[in-house]
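Observations on the three-dimensional arrangement
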Amino acid sequence: MADTKDGFIRLEPLRFSEEETLSRSKEFYEFMDKRRSLRVFSDKPVPKEVIENIIKTASTAPSGAHQQPWTFCAVSSADIKSKIREAAEKEEYENYHGRMSERWLKDLEPFGTDHIKPFLEIAPWLIIVMKRSYEIVDGEKKNNYYATESVGLATGFLLAAIHNAGLVALTHTPSPMNFLAKVLERPENEKPFLLIPVGHPAANAQVPKLERKTLEEVAVFY
Ligand code: IYR
């Protein structure tokens, strides 16, 4: 057996059979295809340990130079949620009443959205994903590599973990989002990336009737 290189460990491969690989790939696709973004939440609590596991899963995502340039702020405090709702609705009011183009408003019609965001208080948890563009090391600014790509990947893992736990989420982007850094008292090197309410769906929740693009529309094989 070859010796391991300095600083390396052996990978323990999963070793699925070809049939298992095929069935697992299909089953995972069918499972992920059931994920839907949701705006109507139940106030049913979700234990903190579940949120911890979901965040730990997100933090397994690949990142530039393994810098893991993310912070997940998990909010269950009613007081902070209400501050976030108030500030988000103020920004969203401006968005829906002048800042968004006519075309944008038309494109959002099928989703039935407006500036009122009750889910920011009803969902038991809000996870605010922060992007750390740089770190301060010995008083010096050190840029993180591919911070946006890395945080996007971690957020994808987060959404998959939420779905796997049988919970629902919304990838919410109140804009501009800087009020979140202020409310959460985050350091200068962190910028809000996405706001993700997490919880159980409201009873009889409805989602827009959407079609996903076909494989032919999204993939090209060479
Ligand atoms: N941020 C607004 C508007 C909005 C924009 C897009 I693109 C969406 O897919 C949904 C909403 C809001 O959250 O209402």
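Think of each chain on its own: its residues are numbered from 1, step by step along the sequence as written. With pLDDT at 70 or above as the cut-off, local features in this predicted model cover only qualifying residues; side-chain atom pairs require 80 or more to be listed or tallied, and sums for whole chains, interfaces and linings still use all residues. Calculation of side-chain values draws on the structure's entire complement of heavy atoms; hydrogens and water are dropped beforehand.

**Re the packing of aromatic side chains**
Note the threshold: Side-chain rings of Phe, Tyr and Trp (the six-membered ring for Trp) are treated as a pair once their centres are within 6.5 Å; stacked means planes under 30 degrees apart, edge-to-face means over 60, and tilted covers the remaining angles. Note on criteria: charge over ring means Lys NZ or Arg CZ within 6 Å of the ring centre, with the direction from the centre no more than 35 degrees off the ring normal.
Throughout the structure, instances matching the rule amount to 0 aromatic pairs. The ring of phenylalanine 8 has lysine 5 sitting right over it, with the charged end atom 4.5 Å from the ring centre. Taking the ring centre of tyrosine 134 as reference, the NZ or CZ of lysine 141 above it sits at 4.6 Å.

**Some points on the pattern of salt bridges**
Stated formally: Each reported salt bridge corresponds to a side-chain nitrogen of Lys or Arg within 4 Å of a carboxyl oxygen of Asp or Glu. Helix and strand assignments come from DSSP, with helices taken as H or I runs of at least 4 residues and strands as E runs of at least 2, each series counted from the N terminus. We call a residue buried when its accessible area falls under 20% of the maximum for its residue type, exposed when it is over 50%, and partly exposed in between, using a 1.4 Å probe and counting protein chains only.
Under the criterion given, the structure shown has 13 salt bridges. For arginine 212, the salt bridge goes to aspartate 33, with nearest N and O atoms at 2.7 Å. Remark: aspartate 33 occurs in the loop between helix 1 (18-32) and helix 2 (48-58) and arginine 212 occurs in the loop between strand 6 (190-199) and helix 8 (215-218); sequence separation between them is 179 residues. Look at arginine 212 and you get partly exposed, because its relative accessible area is 44%. With a closest N to O distance of 2.6 Å, glutamate 91 and arginine 99 form a salt bridge. The class of arginine 99 is partly exposed, set by a relative accessible area of 43%. Overlapping salt bridges, with partners in common, bring together Arg132, Glu135, Arg186 and Glu190 in one network.

**So, the pairing of strand 1 (residues 70-75)**
Operational definition: When DSSP finds two or more bridges between a pair of strands, those strands are recorded as paired.
Most of strand 1 is tucked away, with 5 of its 6 residues classed as buried. Relative to strand 2 (residues 125-132), strand 1 runs antiparallel, the two sharing 6 bridges. The residue bridging tryptophan 70 from the neighbouring strand is lysine 131, located in strand 2.

**With respect to the confidence of the model for the chain**
Under the convention used in this document: Looking at any residue, its pLDDT shows the predictor's confidence there, from 0 to 100.
Looking at the chain, the pLDDT average stands at 97 and 100% of residues meet or exceed 70. Mean pLDDT per element in the chain: helix 4 (residues 102-108) is the minimum at 96, and helix 2 is the maximum at 99.

**Considerations on empty space enclosed by the protein**
Filter applied, for reference: A 1.4 Å probe that fits but cannot get out identifies a cavity on a 1 Å grid over protein atoms alone, an open set with protein on both sides within 12 Å along at least five of seven lines counts as a pocket, and a residue lines either if it has an atom within 4 Å of a point. Grid points are joined across faces, edges and corners, and a volume is the space filled by probe spheres set on the points.
For the structure on display, the rule yields 1 cavity of 30 Å³ or more. Approximately 40 Å³ is the volume found for the largest cavity. Lining of the largest cavity is provided by Arg35, Arg36, Leu159, Ile162, His163, Leu167, Val168 and Ala169. Of all elements in the fold, only helix 6 (147-164) and strand 5 (168-169) reach the threshold of two or more residues within the lining of the largest cavity.

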